[in-house]
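Structural overview for review
Here is how the chains run, residue by residue.
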Amino acid sequence: MPDSFSKYANLPSAIISDGIMPIPIWAVTQMTLTESYHLPAIGSTGAKAIVSTHDDSVSLSGVLVGAERFSWKLALETMAESSKRGSALAAMTGGAVGGLILITSMTIRTDMQVQSLSFTASASKRGVLDVSITMAYMPKPSALGKLLDIASVAVGGLADFGGS
């Protein structure tokens, strides 16, 4: 695709995938990772159940560029719907891991669900769609979620070491 703005030899700023199809977001202009931690109830006992201790959400603002922008828009809308119903990743792992995969330089997360998705087109930026995505981290309580978090730190460290 020689007339595209995208440089396919470079890594995109973010990748969202359902385990089969990756959607690159080439130019992320802003990303926010919000982690809200749950406080124990006053007077609670020392016994704790394995439950989620925090809620995480990631907000991305970026642009879809080039002739493929409408294809990426449709793919993002389709993945947003499938993140609620069950993704290809959930089917491949027998439900052990579900939702979408988000890969960025800040974090690598599985079990993501799209909370909101918006697109903006403007006359001042032809050939570009601005996109805003808010995703919630919805892991099942298990040791697998923590293992994936540790693996994402290792992969991020390797990427930094490799000079990307």
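In what follows, the structure referred to is the one given above.
These remarks concern the structure in this document. Quick caveat, the model's predicted, so the values are computed rather than measured.

**Things to note about helix H1 (residues 69–85)**
Relative to the 24 Å expected for 17 residues at 1.5 Å per residue, H1 spans 25 Å between its end C-alpha atoms, a close match to the ideal helical length. Every buried residue of H1 is accounted for by Arg-69, Trp-72, Ala-75, Leu-76, Met-79, Ala-80, Ser-82 and Ser-83. Of the residues one or two after H1, Gly-86 is the one with positive phi, at around 125 degrees.

**Here's the deal with the side chain of Ser-82**
Among the structural elements, Ser-82 can be located in helix H1. Within polar-contact distance, the side chain of Ser-82 engages the backbone oxygen of Met-79 at 3.1 Å.

**Concerning the packing of aromatic side chains**
By the definition in use, this model includes 0 aromatic pairs. Over the aromatic face of Phe-119 sits the side chain of Lys-73, whose NZ or CZ is 5.2 Å from the ring centroid. Across the ring face of Tyr-137, the terminal group of Arg-109 is positioned such that the distance to the ring centre comes to 4.8 Å.

**Some words on a nonpolar patch on the surface**
A grouping of Ile-20, Met-21 and Met-92 is seen on the molecular surface, where their side chains present a nonpolar patch of about 310 Å² in accessible area. Position of Ile-20 among the secondary structure elements: in the loop between strand E1 (14–17) and strand E2 (22–25). For Ile-20, a relative accessible area of 59% translates into the label exposed.

**Considering the pairing of strand E5 (residues 100–104)**
For a regular strand, side chains alternate in direction, first toward one face of the sheet and then toward the other. Taken across its 5 residues, E5 has 4 buried, putting it largely inside the fold. Bridging between E1 and E5 involves 4 bridges; their strand directions are antiparallel. What sits directly across from Ile-15, in E5, is Ile-103. Both E5 and strand E6 (residues 108–122) contribute to a ladder of 3 bridges, which runs antiparallel. Residue pairing in the sheet places Leu-100 in a bridge with Met-112 of E6. Here E5 folds back onto E6, and the loop between the two strands holds 3 residues.

**A few points about the pairing of E2**
Here 4 bridges tie E1 to E2, and the two strands are oriented antiparallel to one another. Each bridged residue has a counterpart across the sheet, and for Ile-16 the counterpart in E2 is Ile-23. In textbook terms, the turn of a hairpin is the stretch between consecutive antiparallel strands, and for E1 and E2 this stretch comprises 4 residues, one of which, Gly-19, has a positive phi near 105 degrees.

**With respect to the nonpolar core**
Among the nonpolar cores identified, the biggest contains 21 residues, and Ile-16 and Met-135 are the most heavily contacted of them. Apart from the residues lying within four places of it in its own chain, the contact partners of Met-135 are Ile-16, Asp-56, Ser-57, Val-58, Leu-100, Leu-102, Met-112, Gln-113, Val-114 and Gln-115.

**Notes on empty space enclosed by the protein**
This structure, assessed with the given rule, holds 2 cavities of 30 Å³ or more. Lining the second largest cavity are Ile-16, Leu-76, Met-79, Ala-80, Leu-100, Val-114 and Ile-133. Among the elements that line the lining of the second largest cavity, the one with the most residues is H1, at 3 residues.

**Focus: unusual backbone geometry**
Note: most peptide bonds trans; most residues except glycine with negative phi. The backbone of Asp-111 shows a phi angle near 60 degrees, a positive value even though the residue is not glycine. Looking at the secondary structure, you find Asp-111 in strand E6.

**What to know about the pattern of salt bridges**
On inspection of all chains with the given rule, the structure shows 4 salt bridges. Where Arg-109 meets Asp-56, a salt bridge forms, and the shortest distance between an N and an O atom there is 2.6 Å. Residue Arg-109 is found in strand E6, and its partner Asp-56 is found in strand E4 (residues 54–65); the two are separated by 53 residues along the sequence. Between Glu-77 and Lys-73 there is a salt bridge, with its nearest N and O atoms 2.7 Å apart. Placement of both Glu-77 and Lys-73 in helix H1 is noted, with a separation of 4 residues, approximately one turn of the helix. Among the residues examined, Glu-77 registers a relative accessible area of 27% and is labelled partly exposed. The exposure class of Lys-73 is partly exposed, given its relative accessible area of 24%. Within this structure, Glu-35, Asp-56 and Arg-109 form a network of salt bridges that share partners.

The rules behind each value
Residues numbered from 1 in each chain as written. Predicted model: local features only at pLDDT ≥ 70, side-chain atom pairs only at ≥ 80, totals over all residues. Heavy atoms only, no water. Helix = DSSP H or I, 4+ residues; strand = E, 2+ residues; numbered from the N terminus. Expected span 1.5 Å × (residues − 1). Buried < 20%, exposed > 50% of the residue type's maximum accessible area, 1.4 Å probe, protein only. Polar contact = N/O pair within 3.5 Å; in protein donor to acceptor, adjacent residues only side chain to side chain. Phe/Tyr/Trp six-rings, centres within 6.5 Å; stacked < 30°, edge-to-face > 60°. Lys NZ or Arg CZ within 6 Å of the ring centre and 35° of its normal. Patch = residues over 30% accessible without salt bridge, like charges linked within 9 Å, V, L, I, M, F, W, Y side chains within 5 Å. Areas by Shrake-Rupley, 256 points an atom, 1.4 Å probe, with all protein chains shown as cover. Salt bridge = Lys/Arg side-chain N within 4 Å of Asp/Glu carboxyl O. Pairing = 2+ DSSP bridges. Core = buried A, V, L, I, M, F, W, Y, C linked by side-chain atoms within 4.5 Å. Contact = heavy atoms within 4.5 Å. 1 Å grid on protein atoms, 1.4 Å probe; cavity = no way out; pocket = protein on both sides within 12 Å on 5 of 7 lines; lining within 4 Å. Points joined across faces, edges and corners; volume = space filled by probe spheres on them.

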